[in-house]
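Secondary and tertiary structure notes
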2 protein chains.
Amino acid sequence: MDLKIKKINLSTGGPLVATINKKDAESLGLFALDRVNIKSKKREINALLDISNGTGGIKSGQIGLFEEAYKALNPKEKIAKITPSKTPKSIEAIRNKLDGKELNKKEVISIINDLTSNKLSDIEVSYFVAACYNHDLSYKELTFLIQETVKDGNKIKIKKKILADKHCIGGVPNNRTTMLIVPILAAAGLNIAKTSSRAITSPSGTADTMEVLAKVKFSPNKIKNILKKTRGIIIWNETMEITGADTRLIKVRHPLRIDPKGLLIASILAKKIAAGSTHLLIDLPVGKNAKLKTKKEANTLKKRFQKISKKFNIKTKVIITDGSQPIGNGIGPNLEAIDILYILKKDPRAPKDLEKKAIMMADKIFKLTKTKASAKKILNSGLAYKKMKEIIKAQKGKSNITPEKINLGKFTYNYRSPKKGKIKEINNIKISKLARLAGAPQNKGAGIYLHKKVNDKVKKGDIIFTIYAENKDKLEFAKKESKEIIKIK
Amino acid sequence: MDLKIKKINLSTGGPLVATINKKDAESLGLFALDRVNIKSKKREINALLDISNGTGGIKSGQIGLFEEAYKALNPKEKIAKITPSKTPKSIEAIRNKLDGKELNKKEVISIINDLTSNKLSDIEVSYFVAACYNHDLSYKELTFLIQETVKDGNKIKIKKKILADKHCIGGVPNNRTTMLIVPILAAAGLNIAKTSSRAITSPSGTADTMEVLAKVKFSPNKIKNILKKTRGIIIWNETMEITGADTRLIKVRHPLRIDPKGLLIASILAKKIAAGSTHLLIDLPVGKNAKLKTKKEANTLKKRFQKISKKFNIKTKVIITDGSQPIGNGIGPNLEAIDILYILKKDPRAPKDLEKKAIMMADKIFKLTKTKASAKKILNSGLAYKKMKEIIKAQKGKSNITPEKINLGKFTYNYRSPKKGKIKEINNIKISKLARLAGAPQNKGAGIYLHKKVNDKVKKGDIIFTIYAENKDKLEFAKKESKEIIKIK
């Protein structure tokens with residue numbers, strides 16, 4: 001069928017999508033999400049079909065091309081020919097996985113290829129994620145998946161004999177060990193290029209917290225230059241990580257917060273391998289309100305990480321840690337950045353739990369890389385603080401920044417203990433939601449400061465936490481939800 | 001955040017969707033598929049968020065509203081306020097189902113409500129379908145699902161003491177029993193308002209074949225009028241069936257051809273109940289290349305249909321039939337319509353298998369409704385043919401139509417037997433594909449005519465089937481694929 005081309009000034013974020021009127025679709029026997037071949041005189045493309053059944057927009061006789069499709073076809077004339085085309089190979093593979101069958105190498109390759117080249121719709125990608133959630137990836141499948149994802153490539157590969165790395169699967173508020181481990185390691189002469197995420201459903205990601213002190217987005221060349229100078233860098237992962245396949249998978253995992261363990265392992269390890277990491281410490285926090293609920297679950301995941309890392313020649317140590325409550329006192333970008341500076345500056349207000357955990361983890365990496373150094377000594381001597389100032393400066397931040405210069409929301413509310421007793425629980429999930437209600441991470445100065453932690457004794461009326469907000473409405477909103485965070489016994 | 005409204009002249013086909021620039025999304029901490037509240041002076045809406053990261057389209061500071069969202073907000077001013085909003089209740093329920101938990105009534109209601117009111121994205125709906133595929137719906141869940149879908153309502157309910165109905169789950173080429181059963185039943189005085197589908201992945205649906213003879217799309221009032229006159233009607237299901245929830249589910253089942261049995265049962269029975277059907281015959285064809293591969297599978301489905309029909313007071317008979325090869329000789333709209341007319345007119349070229357099956361099924365419905373009548377007699381006496389002409393006339397077709405007046409594609413190819421032997425297999429799936437390659441259902445005169453069926457003896461050179469196409473390219477395309485359809489022993 002010949003149709004008149006209409007450019008649609010909207011991006012799909014990847015897939016080539018064309019839209020035709022419902023009437024034309026009916027007469028062609030085509031359905032939404034079918035594949036079509038679109039031919040102009042010089043080029044042809046395969047696109048996903050969208051059906052336009054609204055009153056405005058695409059009329060019968062027209063074909064609308066979204067930005068990516070228009071660019072790919074780049075038509076010199078006004079008319080395009082549309083015919084049905086075949087579904088991508090990966091569809092059958094996704095179907096098989098959903099049926100619980102083990103995928104072979106060819107099938108995994110077809111999925112990664114079609115993800116990377118944006119041939120699959122979000123619906124099809126969702127089915128793949130659901131399939132991996134209900135039928136976890138086997139060792140073989142995981143190996144193929146990582147191999148192909150790594151081939152898919154990343155934007156920058158750092159070639160060092162030893163490139164240290166760490167990764168935490170998340171779920172515990174604050175827990176900003178990265179911002180201590182990186183300066184400690186770099187001060188000891190190790191190279192570490194740490195890429196971190198922004199908050200998705202949490203009140204802050206390491207990238208958000210680091211951004212309080214410095215910039216987190218640089219070009220690949222700039223990253224290499226900074227690393228040469230400082231040995232350590234903390235940047236937003238979008239800057240240098242694998243895009244393509246992994247990004248597509250993460251997008252559709254977001255709405256239901258589906259975290260198929262196999263995809264989690266593949267996503268983490270593929271990035272580390274592609275970036276050139278040689279030694280890796282993985283932190284798996286366990287707790288009632290963490291991502292991993294039981295030690296058993298964590299142990300299974302630990303074994304899978306170890307087995308698959310070995311296969312790819314990456315020296316990996318996996319630790320299972322306490323994820324029962326937040327680590328550190330502040331929750332929210334500015335509050336967390338203050339915690340970090342307190343620890344580096346040896347301020348008495350420094351949260352001991354975060355400091356202790358960072359030292360333990362840095363020492364594990366020293367051991368793993370056979371580096372003769374003591375994290376505690378590096379921290380206590382001020383060398384880590386000095387290194388962090390270097391890193392902040394190199395990352396275009398203000399190296400003379402102090403905790404006092406970081407502003408907190410001026411609207412505050414103190415949650416006080418309703419009775420005498422001992423704190424039994426601080427709910428990770430609920431306190432994260434509370435910090436988000438208060439405005440974090442959008443409002444950098446918003447969040448929660450914990451004056452007490454689990455097992456601390458409290459008297460009636462003692463302040464347990466303070467809510468900081470940058471506007472009154474958000475404070476009021478958060479206040480209402482502040483009652484169910486803490487359990488006292 | 002205040003954003004400048006930009007109307008996007010495109011329909012999403014249901015959900016309210018707004019799109020903002022990637023920069024604004026980042027600073028708001030929002031992700032694709034998050035929910036946002038959009039406020040104009042007089043109204044506010046909740047919409048799904050799309051992120052625009054292309055070069056054209058939505059700039060920073062703008063918010064694009066797709067047709068449905070624009071209409072719902074109906075803004076009088078140029079600026080709208082956007083804030084994050086909560087995810088719908090059903091998300092948690094879908095998550096639970098994906099985890100293999102049994103849904104309670106409240107959860108099922110939340111899913112149906114959010115489907116009907118278009119609050120869920122295609123990704124979220126896909127997860128629900130995948131969940132139902134991997135963890136089939138329980139009796140309880142199915143009951144709730146049907147109850148709620150029925151409430152969701154359909155466009156027309158026919159109130160008769162006895163309203164007969166039939167349904168085949170499909171997968172067998174031709175098999176147009178409906179076009180014989182309806183006139184037979186109506187000639188015997190029974191009421192039957194049969195809604196049928198168009199082809200989705202097949203070369204023709206009953207609606208496509210009926211459309212060769214008459215119109216298949218009428219207003220609810222017109223349908224009631226025709227039924228009063230003729231007692232029988234065969235129309236396209238989009239005209240009168242439940243929309244909303246069911247349509248959303250079918251859309252996302254299409255790309256991977258996922259057919260979760262529970263959703264299949266719910267979809268069929270909810271429509272029949274909502275339409276007012278009192279007696280129902282369900283046909284489950286079984287065969288290597290049919291939807292149901294084994295008798296065991298069919299028996300399980302049969303029991304579920306019976307149990308759940310009883311609960312909803314619909315008298316249902318389920319039959320398991322031979323789905324190992326096409327039923328009838330023609331495959332494609334015109335070829336199938338000719339088969340039907342041959343049978344009704346008692347032409348010697350009539351396909352006996354189709355005739356026999358239709359008689360058997362009509363008799364089953366007579367027995368079910370306690371009607372004293374014989375399908376064979378009605379057919380042989382010419383009463384069924386007379387009734388069909390009445391129906392065709394009432395449905396604005398030409399009642400004097402004859403097989404000779406129906407045109408077939410003028411480009412033909414005869415596939416001849418490569419050896420002497422007996423036909424062992426005619427592959428349903430492959431022959432359907434072949435008919436589609438030849439142009440069906442878009443080209444009504446395209447398709448396949450089978451001269452031989454399974455167990456027929458053939459000599460070398462005998463014509464086994466003829467391909468009809470309306471243009472030469474399509475014939476050539478089909479010719480190439482014609483070798484693997486038939487197995488001869």
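Worth saying up front: this structure is predicted, and the values here are computed from it rather than measured. (Residues numbered from 1 in each chain as written. Chains lettered and ligands numbered in written order. Predicted model: local features only at pLDDT ≥ 70, side-chain atom pairs only at ≥ 80, totals over all residues. Heavy atoms only, no water.)

1. Regarding the overall build of chain A
Along the backbone of chain A there are 18 helices and 18 strands. In summary, chain A has a C-alpha radius of gyration of 25 Å against a globular reference of 23 Å for 489 residues, a match within 12%. Along the longest, intermediate and shortest principal axes, the C-alpha atoms of chain A span 75 × 55 × 45 Å. Each of the 489 residues in chain A was classed as buried or not, and the buried ones make up 58%. Restricting the contact set of chain A to residue pairs at least 6 apart, pairs at least 24 apart contribute 80%. Carbon and sulfur atoms make up 50% of the accessible area of chain A, which totals about 21,200 Å². On chain A, the mean spot of the 102 positive side-chain charges and the mean spot of the 46 negative ones are 7 Å from each other. (Helix = DSSP H or I, 4+ residues; strand = E, 2+ residues; numbered from the N terminus. Rg over C-alpha atoms; globule rule 2.2 N^0.38 Å. Buried < 20%, exposed > 50% of the residue type's maximum accessible area, 1.4 Å probe, protein only. Contact = heavy atoms within 4.5 Å. Areas by Shrake-Rupley, 256 points an atom, 1.4 Å probe, with all protein chains shown as cover. Lys, Arg positive; Asp, Glu negative; His and termini not counted. Charge placed at Lys NZ, Arg CZ, Asp CG, Glu CD.)

2. So, the packing of aromatic side chains
The tally for this structure, following the rule as stated, stands at two aromatic pairs over all chains. Judged by centre distance (4.8 Å) and plane angle (10°), the ring pair of A:Y415 and A:F465 falls under stacked. Taken together, the residues span a long stretch of sequence, with A:Y415 in strand β13 (residues 411-416) and A:F465 in strand β17 (residues 463-469) at a distance of 50 residues. A:R198 extends its terminal NZ or CZ atom over the ring of A:W236, reaching a point 4.2 Å from the ring centre. Above the ring of B:Y139, the side-chain terminus of B:K307 is found at 4.2 Å from the ring centroid. (Phe/Tyr/Trp six-rings, centres within 6.5 Å; stacked < 30°, edge-to-face > 60°. Lys NZ or Arg CZ within 6 Å of the ring centre and 35° of its normal.)

3. Thoughts on the interface of chain A and chain B
If you look at the interface, chain A gives 54 residues, while chain B gives 54 residues. It is A:L10, A:Y127 and A:L256 in chain A that bury the most area against chain B; as a group they hold 16% of the surface buried on that side. Summed over the shared surface of chain A and chain B, the number is zero salt bridges. Joining chain A to chain B, the criterion identifies 14 residue pairs in polar contact (both at pLDDT 80 or more). Those elements that provide at least two residues to the side of chain A that touches chain B are α1 (22-28), α3 (90-98), α5 (122-134) and α10 (245-253) of chain A. In terms of residues, the side of chain A that touches chain B owes the most to one element, α5(A), which gives nine residues. Per-class residue counts for the side of chain A that touches chain B are 24 nonpolar, 17 polar and 13 charged. (Buried area = accessible area lost by both parts, 1.4 Å probe. Salt bridge = Lys/Arg side-chain N within 4 Å of Asp/Glu carboxyl O. Polar contact = N/O pair within 3.5 Å; in protein donor to acceptor, adjacent residues only side chain to side chain. Nonpolar A, V, L, I, M, F, W, Y, C, P; charged D, E, K, R; others polar.)

4. Some points on the packing of α3(A) against helix α4 (residues 105-116) of chain A
All names here are of chain A. Here α3 crosses α4 at 120°, and the two axes come no closer than 8 Å. The orientation of α3 with respect to α4, classified from their angle, is oblique. In this structure, α3 meets α4 at a crossing whose hand is left-handed. Contact residues: S90, A93, I94 and N96 in α3; E107, S110, I111 and D114 in α4. The residue inventory of the contact of α3 with α4, partitioned by class, reads three nonpolar, three polar and two charged. (Axes fitted to C-alpha atoms, helices over the stretch in contact; angles between N-to-C directions. Parallel < 35°, antiparallel > 145°, perpendicular 65-115°, else oblique. Left-handed = near helix turned anticlockwise from the far one by under 90°.)

5. Regarding unusual backbone geometry
Of note, the amide linkage connecting A:A440 to A:P441 takes the cis form, showing an omega dihedral of 0°. The backbone phi angle of A:N118 is positive, close to 55°, even though this residue is not glycine. Position of A:N118 among the secondary structure elements: in the loop between α4 and α5. A positive phi angle is found at B:N313, which is not glycine, with a value near 55°. Considering the arrangement of structural elements, one finds B:N313 in the loop between α12 (295-311) and β11 (315-322). Residue B:N313 is classed as exposed on the basis of its relative accessible area of 70%.

6. With respect to the domain arrangement of chain A
We note that the domain assignment places domain 1 (2-84), domain 2 (163-239 + 266-394) and domain 3 (407-488) within chain A. A C-alpha centroid distance of 52 Å is found between domain 1 of chain A and domain 3 of chain A. (Domains from an automatic or database assignment.)

7. Considerations on helix α6 (residues 139-151) of chain B
Residue and element names in this part refer to chain B. With 13 residues, α6 should cover 18 Å at 1.5 Å per step; its first-to-last C-alpha distance of 18 Å lies within 8% of that length. By the burial criterion, the buried members of α6 are E141, L142, T143, F144, L145, I146, E148 and T149. Each element contacted by the buried residues of α6 is listed here: α3 (90-98), α4 (105-116), α11 (261-275) and α12. (Expected span 1.5 Å × (residues − 1).)

8. As for the confidence of the model for chain A
Summing up the model confidence of chain A, the mean pLDDT is 92 and the portion of residues at 70 or higher is 97%. Our summary of model confidence lists the complex with pTM equal to 0.87 and ipTM equal to 0.84. (pLDDT = per-residue confidence, 0-100.)

9. Details of the relation of the copies chain A and chain B
In this structure, two copies of a chain are linked by a rotation about an axis accompanied by a shift along it. For the pair chain A and chain B, the superposition axis carries a translation of 0.0 Å, the fit reaches an RMSD of 0.1 Å, and the rotation angle comes to 180°. The transformation just described matches what one would write down for a two-fold rotation axis. Looking at the rotation axis and the C-alpha trace of chain A, the residue lying nearest is A:I123, at 2.6 Å. A shared interface surface links the copies, since 100% of the contact residues of chain A are contact residues in chain B too. (Least-squares fit on C-alpha atoms with pLDDT ≥ 70 in both.)

10. Quick word on the layout of surface pockets
Residue and element names in this part refer to chain B. Taken as a whole, the second largest pocket spans an internal volume of roughly 360 Å³. Around the second largest pocket sit 16 residues that line it, and R35, N46, P88, D114 and K119 are the ones nearest its centre. Breaking the lining of the second largest pocket down by element, the ones donating at least two residues are β4 (44-52) and α4. A per-element tally of the lining of the second largest pocket places β4 first, with three residues. Per-domain counts for the lining of the second largest pocket show at least three residues from each of domain 1 (2-84) and domain 2 (90-135). (1 Å grid on protein atoms, 1.4 Å probe; cavity = no way out; pocket = protein on both sides within 12 Å on 5 of 7 lines; lining within 4 Å. Points joined across faces, edges and corners; volume = space filled by probe spheres on them.)

11. Focus on the environment of A:S399
All names here are of chain A. Here S399 shows up in the loop between α16 (383-394) and β13. By relative accessible area, which is 25% here, S399 ends up partly exposed. Residues S399 and F465, spaced 66 residues apart in sequence, show a C-alpha to C-alpha distance of 30 Å. For S399, the residues in contact, after removing those within four places along its chain, are K389, I392 and K393.

12. Quick notes on the packing of helix α10 (residues 245-253) of chain B against α11(B)
Residue and element names in this part refer to chain B. Contact pair α10 / α11: the axes reach a minimum separation of 11 Å and the direction vectors enclose 145°. As α10 runs across α11, the sense of the crossing is left-handed. Residues D246, L249, I250 and R253 of α10 pack against L263, L264, S267 and K271 of α11. Grouping the amino acids of the contact of α10 with α11 by side-chain chemistry returns four nonpolar, one polar and three charged.

13. Let's talk about the pairing of strand β10 (residues 279-286) of chain A
Every regular strand shows the same layout, with side chains that alternate between the two sheet faces. Residues and elements named next belong to chain A. Counting buried positions along β10 yields eight of eight residues, so the element is predominantly enclosed. Residue alternation in β10 divides its side chains into two sets, H279, L281, D283 and P285 and L280, I282, L284 and V286, and both sets are buried. Where β10 lies against strand β11 (residues 315-322), eight bridges are found, and the strand directions are parallel. Bridge pairing in β11 links L281 to K317. Read as a crossover between parallel neighbours, the route from β10 over helix α12 (residues 295-311) to β11 is right-handed. (Pairing = 2+ DSSP bridges. Right-handed = clockwise from strand over helix to strand, strands pointing away.)

14. Here we look at the sheet that holds strand β16 (residues 457-458) of chain A
Residue and element names in this part refer to chain A. With antiparallel pairing, three strands are arranged side by side in an open sheet as β16-β14-β18. Single-partner strands in this sheet number two, and they are β16 and β18 (486-488). Where strand β14 (residues 421-426) and β18 come together, three bridges link them in antiparallel fashion. Opposite I423, over in β18, you have I488 as the bridge partner.

15. What to know about the pairing of strand β14 (residues 421-426) of chain B
In this structure, β14(B) lies alongside strand β16 (residues 457-458) of chain B, joined through two bridges in antiparallel fashion. Looking at β16(B), one finds that B:G421 is bridged to B:V458.

16. Brief notes about the pattern of salt bridges
Under the definition given, this model contains 56 salt bridges over all chains. One salt bridge in this structure joins A:D353 and A:K453, with 2.5 Å as the shortest N-O distance. Separated by 100 residues along the polypeptide, A:D353 in helix α14 (residues 352-368) and A:K453 in the loop between β15 (447-450) and β16 bring together distant segments of the chain. A relative accessible area of 28% means that A:D353 is categorised as partly exposed. Measuring nitrogen to oxygen at the nearest pair gives 2.6 Å for the salt bridge that ties B:E124 to B:R35. Residue B:E124 is found in helix α5 (residues 122-134), and its partner B:R35 is found in strand β3 (residues 35-39); the two are separated by 89 residues along the sequence. One exposure class covers both B:E124 and B:R35, and it is buried. If you follow the salt bridges from partner to partner, you end up with A:R198, A:D208, A:E211 and A:K444 in one network.

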